[in-house]
Amino acid sequence: MPFRTGPDQPRDLLALIEHEVRERIADAVDAVSLEVMVQRRRRQGLPGPVTESAADRAEFTAGVRAFLERLGVEILPALAPDQQRLVAEAATRAGADVVAGLLATQLTLARELPDYWQRFEAVRLAFTGERRA
């Protein structure tokens, strides 16, 4: 019996798992960026971000990139050389899009590190704490 998937999802189990993990990482990173934006604006008495605003979208994207870069800075040094090679290869395969490369790095880290989500959470707490200060 084939897996029940949507029309845009992969059909084999490993590809489906990778797709789901990539989406979960992207959603978690998006949530961090949005949380930082909303909290900062609340402190300043400003309205929340809106999708239609190009400036808000640019700020959101910059926050995503900043958090992904921070994850890399915090997690990558602890990797073994063979794991670092896998991460570098994944980022290279992602092409010229910097955010796509950073996301590919996180997907590889999630595959390689059994405690990835604990590390992610530790970096998230530090990152959001610093942005609040």
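## Focus: the side chain of Arg-41
Structurally, Arg-41 can be placed in helix 1 (residues 13-44). Setting aside residues no more than four positions away along its own chain, Arg-41 makes contact with Leu-46, Pro-47, Gly-48, Pro-49, Asp-56 and Glu-59.

## Thoughts on a nonpolar patch on the surface
A cluster of nonpolar side chains, contributed by Leu-13, Leu-14 and Ile-17, occupies part of the molecular surface with about 300 Å² of accessible area. Turning to its location among the elements, Ile-17 is positioned in helix 1. The partly exposed category is assigned to Ile-17, whose relative accessible area is 43%.

## Structural notes on helix 2 (residues 54-75)
In this model, helix 2 (22 residues) spans 32 Å end to end at C-alpha, consistent with the 32 Å of a helix rising 1.5 Å per residue. Buried within helix 2 we find Asp-56, Gly-63, Val-64, Ala-66, Phe-67, Leu-68, Arg-70, Leu-71, Gly-72 and Ile-75. Each element contacted by the buried residues of helix 2 is listed here: helix 1, helix 4 (98-112) and helix 5 (116-132).

## Digging into the packing of helix 3 (residues 81-93) against helix 4
A pair of packed helices is captured by two measures, namely the crossing angle of their axes and the spacing between those axes. Interaxial distance between helix 3 and helix 4 falls to 8 Å at its minimum, and their mutual angle equals 145°. Handedness of the crossing formed by helix 3 with helix 4: right-handed. On helix 4, the residues that touch Gln-83, Leu-86, Val-87, Ala-90 and Ala-91 of helix 3 are Gly-101, Ala-104, Thr-105, Thr-108, Leu-109 and Glu-112.

Reading the values: rules and limits
Residues numbered from 1 in each chain as written. Predicted model: local features only at pLDDT ≥ 70, side-chain atom pairs only at ≥ 80, totals over all residues. Heavy atoms only, no water. Helix = DSSP H or I, 4+ residues; strand = E, 2+ residues; numbered from the N terminus. Contact = heavy atoms within 4.5 Å. Patch = residues over 30% accessible without salt bridge, like charges linked within 9 Å, V, L, I, M, F, W, Y side chains within 5 Å. Areas by Shrake-Rupley, 256 points an atom, 1.4 Å probe, with all protein chains shown as cover. Salt bridge = Lys/Arg side-chain N within 4 Å of Asp/Glu carboxyl O. Buried < 20%, exposed > 50% of the residue type's maximum accessible area, 1.4 Å probe, protein only. Expected span 1.5 Å × (residues − 1). Axes fitted to C-alpha atoms, helices over the stretch in contact; angles between N-to-C directions. Left-handed = near helix turned anticlockwise from the far one by under 90°.

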